[in-house]
Amino acid sequence: MTKIKELISKERSQYIVFIGLSIVVVGLTGIAYFSNSLIFQRFIGGINPLIASFFIIVLGFILLSFLLSKGWFAIYKKGNLKGLFYSSGLAALFGLIIILVDFNTRLYPADLNILFPESLLFYPAIDFFAEILFQVLPLTLILIILTSLSKKISYSKITTKINHNMIMWVSIFAVSLLEPIYQTIPLLSGQYPLWFAGFTFMHVFLIILSQLTIFKRYDFITMYWFRLVYYILWHIVWGYMRLKLLFQS
């Protein structure tokens, strides 16, 4: 407990940013839920989204505190305009690619997105949930496991020392596979062309790999911002336009 207090005191500005973002997320979640009680059901089932957001925020606080204490990642770095600019451009590129594929193939379903204007509330909140559950949680667990194994190896008769940088990139690569697999499995039912499932897998994989690389180089906020820019283009702006362009004659 003393170490946590010392960490919070030392990295106060980073925790203030995390708490501020968490408050915004809870606020957006609450407004979205009270305007449409079923808006989160597709993603979290019958769980109350406000309760879910509370537990995800606490989980994120614990996980990010651990990563911060190890010096592996940061929640927020001051003066990070370069990182935000870079992540915005890269996210926009991914957004443009998926929009072009959607426009030319029309394979993604009409009900893919949350409808406007509820999308303005939903996607910034679900972005936060996704970053904690799909990126930060598995990354932390894999890093703990691999770091522990590397210590056991170094203490054994094997003299080869596993490089920490190698452990980091192996962990990032492994985590980058989780969400693409999750999103691609439904596309393997035979209803979609095999190339389409392959494209979706690779597209999502490169997005997550980019996010985690940004997380490593910059901070959590920049990683969150990357997905938010992508969501704005793909789910909010194009999500509104595609219904008229692709599904209304």
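Residues numbered from 1 in each chain as written. Predicted model: local features only at pLDDT ≥ 70, side-chain atom pairs only at ≥ 80, totals over all residues. Heavy atoms only, no water.

(A) Structural view of the packing of helix α5 (residues 81–105) against helix α9 (residues 194–217). Following both chains from N to C, one finds α5 and α9 inclined at 175°, their axes separated by 11 Å at the closest point. Taken together, the axis directions place α5 and α9 in an arrangement best described as roughly antiparallel. Contacts between α5 and α9 involve Lys 82, Tyr 86, Ser 87, Leu 90, Phe 94, Ile 97, Ile 98, Val 101 and Thr 105 from the first element and Trp 195, Phe 196, Phe 199, His 203, Leu 206, Ile 207, Ser 210, Ile 214 and Arg 217 from the second. (Axes fitted to C-alpha atoms, helices over the stretch in contact; angles between N-to-C directions. Helix = DSSP H or I, 4+ residues; strand = E, 2+ residues; numbered from the N terminus. Parallel < 35°, antiparallel > 145°, perpendicular 65-115°, else oblique. Contact = heavy atoms within 4.5 Å.)

(B) Highlighting the nonpolar core. By size, the foremost hydrophobic cluster in this structure holds 64 residues, and its most contacted members are Phe 128, Val 136, Phe 215 and Phe 220. Of all the secondary structure elements, the ones that give two or more residues to this core are α2 (12–35), α4 (49–70), α5, α6 (119–155), α7 (164–176), α9 and α10 (220–246). Those residues in contact with Phe 215 that sit more than four places away from it in its chain are Leu 64, Leu 67, Phe 73, Ala 74, Val 136, Leu 139, Phe 220 and Met 223. (Core = buried A, V, L, I, M, F, W, Y, C linked by side-chain atoms within 4.5 Å. Buried < 20%, exposed > 50% of the residue type's maximum accessible area, 1.4 Å probe, protein only.)

(C) Local environment of α2. Helix length check: α2, at 24 residues, gives a terminal C-alpha distance of 35 Å against a target of 34 Å (1.5 Å per residue), a fit within 8%. Along α2, the positions that sit buried rather than exposed are Gln 14, Tyr 15, Phe 18, Leu 21, Ser 22, Val 25, Leu 28, Thr 29, Gly 30 and Ala 32. (Expected span 1.5 Å × (residues − 1).)

(D) Region of interest: the packing of aromatic side chains. With the rule as written, the count across this model stands at 26 aromatic pairs. On the basis of an interplanar angle of 90° and a centroid distance of 6.1 Å, the ring pair of Phe 128 and Phe 220 is categorised as edge-to-face. Here Phe 128, found in helix α6, pairs with Phe 220, found in helix α10; they are 92 residues apart in sequence, far enough to count as distant. Of the residues examined, Phe 128 reaches a relative accessible area of 0% and is grouped as buried. The exposure class assigned to Phe 220 is buried, which follows from its relative accessible area of 0%. Both rings, one in Phe 201 and one in Phe 205, keep their centres 6.4 Å apart while their planes meet at 0°; by these two values the pair is stacked. Here the residue Phe 201 and the residue Phe 205 both occupy positions in helix α9, the gap between them amounting to four residues, near one helical turn. Among the residues examined, Phe 201 registers a relative accessible area of 24% and is labelled partly exposed. Taking the relative accessible area as the measure of exposure, Phe 205 reaches 9% and is therefore buried. (Phe/Tyr/Trp six-rings, centres within 6.5 Å; stacked < 30°, edge-to-face > 60°.)

Remember that the coordinates give geometry; whether it matters functionally is a separate question.
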